[in-house]
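Coordinates in review
For reference, the chains in residue letters:
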Amino acid sequence: MASQISQQYAFRAQKSLGLVNGTPEYDLVPGFTAPDVPARTFHYSADGRLYAIALPTVVRIYQAEGAQLLQELPFSNIVELRFSPRGTYISTWERPVKLEDGTQHKNLRIFSASTGEELTAFSQKSQDGWDVQYTISESHAVRLVSSEIQVYRPAEWSKGIVDKLKVEGSTSVSLSPGLNPSVAVFVAEKKGAPASIKIYGLLTLAGAPTCQKSFFKADRAQIKWNTLGTQVLLLTQTEVDNSNKSYYGETGMYLLSAAGNFDCRITLDKEGPIHDFAWSPNSKEFGVVYGYMPAKTMLFDQRVRTLHDFGASPHNTILFNPQGRLVLLGGFGNLAGKIDVFDRRTLRKVCTIDAPNTSHCEWSPDGRFILTATLSPRLRVDNGVKIWHCTGPLMHIQLNDELYQVAWRPTPVEAVPSFGQHLPPAPAPGESVRTLAAVQKPAPAKAAGAYRPPGARGLATPAIFKREDEGGAARLPTNGAATPPRGYNRSPHPPGAAPNGQYVGGGYPQNGGYHQNGGQNGRRQVPGAPQQHQQHGGQPGPEGEKKGQRKRKGKKEGTQQQASAAEEGGVLAVEVGGGGVNGKGSRQPSGVNTPAAVQELVVEVEVASPVTPGLDSSLDPVAKKVRNLNKKLKAIEELKEKAKRGERLEATQLRKMEGEVEIRKELTSLGAAAS
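Note that this is a predicted model, so its numbers are computed, not measured.

About the thresholds
Residues numbered from 1 in each chain as written. Predicted model: local features only at pLDDT ≥ 70, side-chain atom pairs only at ≥ 80, totals over all residues. Heavy atoms only, no water. Phe/Tyr/Trp six-rings, centres within 6.5 Å; stacked < 30°, edge-to-face > 60°. Lys NZ or Arg CZ within 6 Å of the ring centre and 35° of its normal. UniProt positions renumbered as here; feature names shortened; annotations may be inferred. Helix = DSSP H or I, 4+ residues; strand = E, 2+ residues; numbered from the N terminus. Pairing = 2+ DSSP bridges. Axes fitted to C-alpha atoms, helices over the stretch in contact; angles between N-to-C directions. Parallel < 35°, antiparallel > 145°, perpendicular 65-115°, else oblique. Left-handed = near helix turned anticlockwise from the far one by under 90°. Contact = heavy atoms within 4.5 Å. Nonpolar A, V, L, I, M, F, W, Y, C, P; charged D, E, K, R; others polar. Buried < 20%, exposed > 50% of the residue type's maximum accessible area, 1.4 Å probe, protein only. Arc of directions from axis to C-beta. Disulfide = S-S within 2.5 Å. Salt bridge = Lys/Arg side-chain N within 4 Å of Asp/Glu carboxyl O.

Summed over all chains, the structure comprises 17 aromatic pairs. Directly above the aromatic system of phenylalanine 277 lies the positively charged group of lysine 224, at a separation of 4.5 Å from the ring centroid. In this arrangement the basic side chain of arginine 303 is found over the ring face of phenylalanine 262, its NZ or CZ atom lying 4.5 Å from the centre.

What follows is the structure, given as structure tokens:
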């Protein structure tokens, strides 16, 4: 029966509100009458006994089992409400307004859940962190007011503040669970002063903090205690990332012990933001999802030693089920909605669930079911609830227009059956799943992988376009320059510079690049288009051909005259062609079209002049090698002189000096002496 009770959940939509029983029927709770007006919010007590809803003019408190109405609080415009840990008190918050008499509007009220009596009230402007925080036994309550921590005794609200502590610059406070409660106070970075977190014992609040740590790059923080209240995780975040690598600022994580015997910064091995983190219910380990997508997920123990690496995958959420037996990794928000469930005992994947457009996800109290929901205003279409078994099958579907809120009814862990050696099998799906399967058309099979243009189909995907978890290279964030390098340049080359894809020997672009402004008389060749071999002058047609013939004839006569004059002066004029040297004894094969820009290139070489030693084309490969090695030796000698003068050398320069012996050996093997 405990397992049946744990499956109840509540939902709130624009035009409906209800309680739904769990497996196997998933029918509405028969004793609950939905109100005629839309509700503002609802909340379950932590023990699952009570259920409260806020209507425009009244707050109603029900017994969750059977939906029996217990109390009505006649207060209007309530926006938030919450029960104390044992359901003894209920707090309500409404938006603050200016009163006519000038007094403060006490918009935070605390009532007795059993009698409906108002016990105390406060002024609370901010909706973030509006409620008071109770110890698990409800012996003390804590709230932060203008950098001052105020402590109350709920049994004696009329006596007011019983203890307080002033912490300058404090922006958030968190009260630990457990029988020996502690208070964690976060102070944000301000005006060059570092941020800090301090932990005080609740019963010794006036004493020194039991543990504290200072750090920079922390404008705000998220604090999570483990279940026992012995250790706390702190996630810090800045408003702006000074390195310009992230739009959302820089993140950091710290682990502190309430007793003060351990604290450290958690160093993560992948660059990028921290997406999510969560404690295991056993309080001895925690999981972190971090890094640029695909993100990495790691499991650490309470001393930040790595327990398991789940690898890189598109996830940004981690959730342990209440028993700590299963771990859920999900990718929600702008990700595809894939959910991977792992068995913590064997660390093997149990199943993969495809839940697109999910904006809310949580485990059932018995740890056997997963609730996913698409809520408004995150998405205003396809709103509804889906319930999955932990082994993957879909159990229940409920569709609603503009669904705003959904939550499981809490149940203490000790009241539900424990997991056995093997995971429980999935029960039969509900009627809604069978009905949908009968009327739903089969979805067309999606093409595997990303879209590829027709010209790239049938080819292997380059590693630069693959995700890291698909075998691609690790992401290297650059300041906005994430475009892979091209084989050509779209910008015009500077004047006097060689165009990209210049001609070499045979007249074709070098390195397979596209020539630009360098061929076809300054015209750009469009990639993929056939090359247009236009006539000289760029005028196709009969008139253009006649002009081209006259030009070629004149150039030929001028070339012959130039050659005869050059022979008399001791200079040989040669015309470089596409396969060899044109002139006497030309070796250009017939039928090869040589670009005009190359045909017109004339190189003058003095026959009587000696060969220039520095000309690369006049040296054989061995001579080139000897020359390069001598250059390296000369550079090493210059570095030695710098070292003698006491100048500081870099590590690369020192490594270059260490290679002197190898260079001299190589020179000796080539039969040359060092110059």
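Before going further, it helps to examine the UniProt feature "coiled-coil region" (unreviewed entry) in the protein chain. Mapped onto this structure's residue numbering, the UniProt feature "coiled-coil region" (unreviewed entry) falls at residues 622-649. Regarding residues 622-649, the helix share stands at 82% and the strand share at 0%, and the terminal C-alpha atoms are separated by 32 Å.

Let's shift gears to the sheet that holds strand E7 (residues 78-83). Strand order in the open sheet made by the four strands is E7-E8-E9-E10, with antiparallel pairing throughout. Bordering the open sheet on either side are E7 and strand E10 (118-122), each of which pairs with just one other strand. Each strand axis lies, on average, 20 degrees off the axis of its neighbour in the sheet, ignoring direction. As defined by bridge partners, strand E8 (residues 89-94) adjoins strand E9 (residues 108-112) across five bridges and the pair is classed as antiparallel. Bridge pairing links serine 91 to isoleucine 110 in E9.

Where helix H5 (residues 621-644) meets helix H7 (residues 660-669), the closest approach of the two axes is 10 Å, and the angle between their N-to-C directions is 150 degrees. Put simply, H5 runs roughly antiparallel to H7. Pair H5 / H7 crosses with left-handed handedness. Together, Lys625, Val626, Leu629, Asn630, Lys632, Leu633, Ile636, Glu637 and Lys640 of H5 and Glu660, Ile663, Arg664, Glu666 and Leu667 of H7 make up the contact between the two elements.

Turning our attention to the packing of H5 against helix H6 (residues 651-658). The geometry of H5 relative to H6 is characterised by a closest axis approach of 9 Å and an angle of 120 degrees between their N-to-C directions. For the element pair H5 / H6, the angle class is oblique. Viewed along their axes, H5 and H6 form a crossing whose handedness is left-handed. Across from Ile636, Leu639 and Lys640 in H5, the residues of H6 making contact are Gln653, Lys656 and Met657. Of the residues in the contact of H5 with H6, the class split is three nonpolar, one polar and two charged.

The next point concerns H7. Listed as buried for H7 are Glu660, Ile663 and Leu667. The buried residues of H7 all sit within an arc of 65 degrees when viewed along its axis, so they share a single face. Exposed and oriented more than 90 degrees from the buried face of H7 are Val661, Glu662, Lys665, Thr668 and Ser669. Buried positions along H7 lie against H5 and H6. Downstream of H7 by a residue or two, glycine 671 has a phi angle that is positive, lying close to 75 degrees.

Moving on: the state of the cysteines. Applying the stated criterion across every chain, the model contains zero disulfides. Of all cysteine sulfurs in the structure, the one in cysteine 351 sits closest to cysteine 390, which takes part in no disulfide; the separation is 7.2 Å.

With antiparallel pairing, four strands are arranged side by side in an open sheet as E3-E4-E5-E6. Strands at the two margins of the open sheet, each flanked by one partner only, are strand E3 (41-44) and strand E6 (68-73). Ignoring which end each strand starts from, the neighbouring axes of this sheet average 20 degrees apart. One ladder, built from four bridges, connects E3 with strand E4 (residues 50-54); its direction is antiparallel. Its bridge partner being in E4, phenylalanine 42 is matched across the sheet by isoleucine 53.

A few words on the pattern of salt bridges. Side chains that differ in sign of charge can pair as their charged atoms come close. What the rule picks out here adds up to 25 salt bridges. Notably, a salt bridge pairs lysine 213 with aspartate 263, separated by 3.2 Å at the nearest N-O pair. Placement of lysine 213 in strand E18 (residues 211-215) and of aspartate 263 in strand E22 (residues 263-265) is noted, with a sequence separation of 50 residues between them. Among the residues examined, aspartate 263 registers a relative accessible area of 31% and is labelled partly exposed. We note a salt bridge from glutamate 666 to lysine 625, for which the minimum N-O separation is 3.3 Å. Of this pair, glutamate 666 sits in helix H7 while lysine 625 sits in helix H5; the two residues are 41 residues apart in sequence, bridging distant segments of the chain.

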